[in-house]
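Letter by letter, the chains look like this.
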Amino acid sequence: MLLWVSVLVLAPISGQFAPVSKPVISLQPPWTVIFEGQAVTLTCHVAEDKKWYRWYLGTKILREIPSNTLQVQDSGEYKCEIQGSPQSDGVSLTFSPAELILQAPSSVFEGDSLTLTCQEKPGLSLKTRTLYKNDNKLIDLGKKSSFHINHADLKDNGEYRCFGSETHGRAFSSDAVRIQIQELFPRPILRANPSSPNPGEPVILTCETQLAPQKSDVQLWFQFFRDYRRLGSGWKGSLRTSIPSVVGNEDPSHYWCEAKTVSSRVRKSSQKLQLPVRIPVSPPLLTLSPPSTHAVEGHWLTLSCEAKTGSYPIEYQFLHEEVVLRKTKVTFRETATFQLYLKAEHSGTYFCTADNGLGIRRSQPVSLSVTVPVSRPVLTLSPPGPRAVEGDRLMLSCQAQRGSPRILYQFYRGDVPLGSSSAPSAGGDSFSVTLTAEHSGTYFCTADNGFGPQRSDPESLSVTVPASRPVLTLRAPRTRAVVGDMVELRCEAQRGSPPILYRFYHEDVILGSNWAPSGGGVSLNLSLTAEHSGNYACEADNGLGAQHSEETSLSVTVPVSHPVLTLRVPRAQAVVGDVVELHCEAQSGSPPIRYRFYHEDVTLGSNSAPSGGGASFNLSLTAERSGNYSCEADNGLGAQRSKTVLLSVTVPASRPVLTLRAPGTRAMVGDMVELRCEAQSGSPPILYRFYHEDIILGSSSAPSGGGVSFNLSLTAERSGNYSCEADNGLGAQRSEAVTHSVTGLTGSRSGPVATGVAGGLLSVAGLVVMALLLYCRLPRRAGGRLTSDPARSPSDSDSQEPTYYNVPGWLELQPVDSNVNPKAGDVMYSEVRIQQGNRHAAASNSAFGLLRTYLPSHGPATSQEPSRPRPSSVIYSQWASATDPVLSPTPTYTLSSPQWDLLLDLVCRHLFSLQTLPPQTPALCGHLSSPRSPTPSADTSPPPAASDSKVTPDARTAPPCTGADTPARASGFTAPSHVPPGVGTGTSSQLSPGGDAHSKCGLL
C-alpha cells in the first residue's frame, strides 16, 4: 500500500506569516551618527498615504503634520505613528560634537551590503584610519574612509569604532557603534497536516517563515526535501505535488524545507520532520564472531543483533548476564554490532534486545567460554607523572591484570633491559633507580606466562633539572641610558630543563614574560622613559621553583625640556637699582642641569642645579638692562633655550633744571618769560609741574622724554622763587629754586629817567654840541637815507633775542623805564641798540641812551638792499606790550653822519614833549626852545636855568612842523604817528627819502 503525501510549496506571500502593519522609518542620509549642525530627514513609510503623521522624540510628541517627512537636528530616539496603526520601531540618532565619528546605517539585515564610514569633521585632514571590532583591530583603512561588507551575516555583529591620526601626530577616536545584523527571516518551520498520518493517507507540508517589516518587499523562494533528495522539479514560486509513501519500516523518511532570497544571499533550512508511520520490530537475532568455542582472552569478539522487521529508528542493547554492555541506535536498514576485547570475566551468557517505541523484543541467549593468556601488563612510574626531578628515587611497577601464573616481568629503558623478576602468583613486580638527567627516556615492561610475552604501553619519563639562578644583563646603545633609547633586558639561566618561563621586573613590578621552549635565555626590549630608572631583576621558572636574579640598577637620563624663564621683581615695574631675580627652570631633565642666563644673547652668568629643579640669577638693574632675556638648560644631552622675556627698566626722573628765559637782561612787567624745565634722565612719560613760591603755575607732559616749557606773562607779583618738578611715577624730583626779580612800572617815571640818563647826557654833552653844530652847517641834501636791514625779518627772528647780520658788535645800554602810561592796560617800552662805525660815533652813546629810553619804536621803514657797510651807526628798536609780549617787527636802521645830527635834534624835541622833563634836558637841548621847564622831582635838585638862546626851526633850515594840540606844539614839533596810546599825542608825517626837515618831524 502507498502513502501519498501532498506537498504545497508556498509563494512569497502565502509562505510568510502575515506581518504586523506598522510604519517603518527611513533616514536620509542613512547614518545614525551625524556631526552637530547637520540635519537628517526622517520618512515614515506606510502602505498608503494618511491624513496625519505623528512624530515622537522619546516619549514626547514632537509634531503632528500631514507630511510623512521630518527634518531633525537633535539627538534622541524618534518614532512615527499614523492613524489606526501602532508606533513604528524607534530610530536613535546621535548628533556628535566629536572630531571623528563612525557612521553606520540604522538597520542592517542578513544579506545586505554594509558600509561603515570613518568620517572626520570638516576642516580636519586625517592621514590614517583604522577600524576596530570588539576592541580588536579589523583593518587599516589608510586614507580611505569606508569599509564595505558585501553580504552581512550574524557573525558581523559587534561594537565598531575607528581611530584616525593627523600628519602632525594628533590622534582621534570615534565613539563605539553597535552593529546588530537583523534576521531577514527566521529559520522556517515545516508543518505536516495531518501531523500523524495513517498509512496511505495524504499529507500537506507547509514551510512557514516571516520577513522583517522593513523588508516586506523581499521575495522568498521555497524548496522541499526528502532524505536529501529534492522534491519536485527545482525552484518554483509554488508547486503542489505528490510523492510515494514509505513502505513499512524499511525506509522511514525525513522531510525538511528551505527558504532563500532570489539572490540566494540568505538561505535557511527547517528542522527535519519524520512522519510518524511506525511498525513494531520483530524478535532480533544475536550472533558471535569468532564462534564461542574459540574465544581467547585478548582477542576481539564481535556481537551482531538484527530485527528483520520494524520501523526505524530501532534501539539495540547487548547484555552479558543481564548486564548491559552497549546500546546503539540504527536509523536505516542495517545490523547493530558490538566488539568486545575478551577477558576471563567475559565468559557467560549473552543476548540482545530491539525496540522502536512500539515494544521491546529479546533475542535467544548465547553462551561464551574465554581462555585467558597473560594480559598486557601495565607499567606504573612512581612518583607518577611524565616529569621527575633530578635526584628523586623512581619506582617502576609492572603488573598484568590477567594471566595464569607463573609470570615473568622484564623492565626496559628504550631497548636496554634494566632488570627482570618472576611472580609465582597474581600480582606484579617492581624496579627502582635514582634519577639523573640521563634517565630521561621511554620505559616499558613485558609479562610472559608461556602464551607469549605481552608488552606494556611505553611510558615517557623526562627528568627535569631545576632552573639555576638566572643572570640579568642590560644592553643599552650607549654608555648612558637616555629617554627614548631601546634597552634590551637579557635573562638567562645556565642550567634548567626547558621550557623555562622568564619574567622581568622593575622595582618588583612585572614588565613582561617570555618562554624559552628550548632552553637558553630570552630578551625583553624596553623603550625608556624617565620612570624606567630603578632596579631591575628577572626570574626563571621551569615549574620546579622560580629563581630570582640579582638586581641591576639602571639610571635613565632625561634630556632637559625647554626651560621657562621667570623674572621676579620687587614691584609691579622694574626700576633702576632694583635687584631682579632671573629664575630658569626646566620641567623635566636629569640632574645636574647647568643653567645659563642671557641678555640680548650676551651671557650674564650661569648656575648649576645638582639635584634638578631650577636656578636663579640676581641682577641689579641699570637703564641698560632693558631688553630681551632668555636662559638655557643643559644636562649634557643638548642645550635647550627658553623663550625670550622682555624686561623694561624704568629710570626714575633725575632732579630737573629750571631755566628762565626773558627778552632782556632785566625782567619787566609785561614781559613774556619762558620757564624751561628738563630732567637729564628718566623714563618717559614725564610730567613737569611749575611752581612760584611753591604755588603750582601749571603742568605739562613730555611723552617722549626731554623737557617742556611754560610761558608766563610777568606782573609785579611775579617776583620771587621759581622751581619745577619732574615726575614719571617713581617719585617727584624738585629742581633748585631760581630767584627772579620783576621791575615794575609807575605813573611818573621822571625820577628814574633823570637818574638813568643824567650821566650819559653829561658825558657826551660836548660831543652832542659838536654834532649839532656840524649838522647846522650841512645842507639839506647831505641827509642820509634810513634803510631797513634786509637780513632781518619776523620769520627769522627769535621772539626773545633778535638775530643781527653783518654787525661787528653791540654797545648796549641798560634799558630805563620811561614813556609809560601807568593807568593804561598796555605797558610799552622801546629799546635802541647802537652800532658805531667809528670812535667819534661811540662818543655819542649818552645821547642815544636818551633815545633808547624815551624814543618810541618806529614801524618798519622802507627796505632797500644796503651797499658795502660804511662808517655808520645802526639803530635797533623794538617794543613790547605787557599784555601782548610779542615783539613788533624789529627793523635795523643805518644812518650817516648828518643823520646823527638830525637824530640828536629829534631826541631833544621828543624830550620836550614829555610831561616831566629830565634835569639834563636844558644842558643837552639848550639850542632848542623848550615850551616848558622840566618839573623837578622830589629826589633831584632843581635843573639849571634854560638857555636864553633858542634855536628856531628857521635857524635849523627846517620848516615848521604841524600837528595836533599837544605839549610839544608850542615848539613846532609833533609826536610820531606810531607812538602807542599813553606815550604821547599828536600827528606826524612819514619819513621821506630825502631826510628833510619834514622827515625830522615825522620821526617824532
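Residues numbered from 1 in each chain as written. Predicted model: local features only at pLDDT ≥ 70, side-chain atom pairs only at ≥ 80, totals over all residues. Heavy atoms only, no water.

So, the confidence of the model for the chain
Move 1: In this model, the chain carries a mean pLDDT of 74, and residues with pLDDT of at least 70 account for 68%.
Move 2: Taken as a whole, residues 776–894 scores under 50 in pLDDT and shows 269 contacts with residues more than four places along the chain or in a different chain.
Move 3: Low pLDDT (under 50) marks residues 929–1004, which in the prediction has 135 contacts with non-local residues, meaning those over four places away or in another chain. (pLDDT = per-residue confidence, 0-100. Contact = heavy atoms within 4.5 Å.)

Things to note about the nonpolar core
Move 1: Membership of the largest hydrophobic core comes to 23 residues, with the highest contact counts inside it found for Leu102, Leu114, Leu116, Leu131 and Ile179.
Move 2: Sorting the residues of this core by element identifies β3 (33–35), β10 (100–103), β12 (114–120), β15 (146–149), β16 (158–165) and β18 (177–179) as the ones contributing at least two each.
Move 3: Other than its neighbours up to four places away in sequence, Ile179 contacts Ala104, Leu114, Leu116, Asp156, Asn157, Gly158 and Tyr160. (Core = buried A, V, L, I, M, F, W, Y, C linked by side-chain atoms within 4.5 Å. Buried < 20%, exposed > 50% of the residue type's maximum accessible area, 1.4 Å probe, protein only. Helix = DSSP H or I, 4+ residues; strand = E, 2+ residues; numbered from the N terminus.)

Let's talk about the pairing of strand β5 (residues 53–57)
Move 1: Sheet topology note: the β5/strand β6 (residues 60–65) ladder contains 5 bridges and is antiparallel. What sits directly across from Arg54, in β6, is Glu64.
Move 2: The turn linking β5 back onto β6 is made up of 2 residues, and Gly58 within it adopts a positive phi angle of 70°.
Move 3: Pairing geometry for β5 and strand β8 (residues 76–82), over 5 bridges, is antiparallel. Bridge assignment links Trp55 to a residue of β8, and that residue is Cys80. (Pairing = 2+ DSSP bridges.)

Describing the state of the cysteines
Move 1: Overall, the coordinates contain 8 disulfides when judged by the stated rule.
Move 2: Put simply, Cys305 and Cys352 are joined by a disulfide, and their sulfur atoms are 2.0 Å apart. An S-S torsion of about 75° defines the bridge between Cys305 and Cys352 as right-handed. Separated by 47 residues along the polypeptide, Cys305 in strand β29 (residues 300–306) and Cys352 in strand β33 (residues 348–355) bring together distant segments of the chain. (Disulfide = S-S within 2.5 Å.)

Considering the packing of aromatic side chains
Move 1: Applying the stated rule across the entire model yields 8 aromatic pairs.
Move 2: Note on Trp300 and Tyr341: the rings are 5.1 Å apart at their centroids and 65° apart in plane angle, and the pair reads as edge-to-face. Pair noted here: Trp300 is in strand β29 and Tyr341 is in strand β32 (residues 336–341), with a separation of 41 residues, a long-range link.
Move 3: Taking 6.0 Å as the distance between ring centres and 25° as the angle between the ring planes, the aromatic pair formed by Phe411 and Phe431 counts as stacked. Remark: Phe431 occurs in strand β41 (residues 428–434) and Phe411 occurs in strand β39 (residues 407–413); sequence separation between them is 20 residues.
Move 4: Note that Arg362 overlies the ring of Phe351, its terminal NZ or CZ placed 3.3 Å from the centroid.
Move 5: The residue whose ring lies beneath Arg641 is Tyr598, and the NZ or CZ to ring-centre distance is 4.0 Å. (Phe/Tyr/Trp six-rings, centres within 6.5 Å; stacked < 30°, edge-to-face > 60°. Lys NZ or Arg CZ within 6 Å of the ring centre and 35° of its normal.)

Here's the deal with the sheet that holds strand β57 (residues 579–585)
Move 1: Taken in spatial order, the 3 strands of this open sheet run β55-β57-β60, and their pairing is antiparallel. The strands lining the two open edges of the sheet, one partner per strand, are β55 (564–568) and β60 (614–620). Going from strand to strand, the sheet's axes swing by 20° on average, the running direction of each strand aside. (Axes fitted to C-alpha atoms, helices over the stretch in contact; angles between N-to-C directions.)

Considerations on the environment of Arg718
Move 1: As for its position among the elements, Arg718 is in the loop between β70 (707–713) and β71 (720–727).
Move 2: Judged by relative accessible area, which is 24%, Arg718 ranks as partly exposed.
Move 3: Measuring from C-alpha to C-alpha, the distance between Arg718 and Ser741 comes to 7.6 Å, with 23 residues separating the pair along the chain.
Move 4: Beyond its immediate stretch of four places on either side in the chain, Arg718 contacts His692, Leu697, Leu712, Ser713, His740 and Val742.

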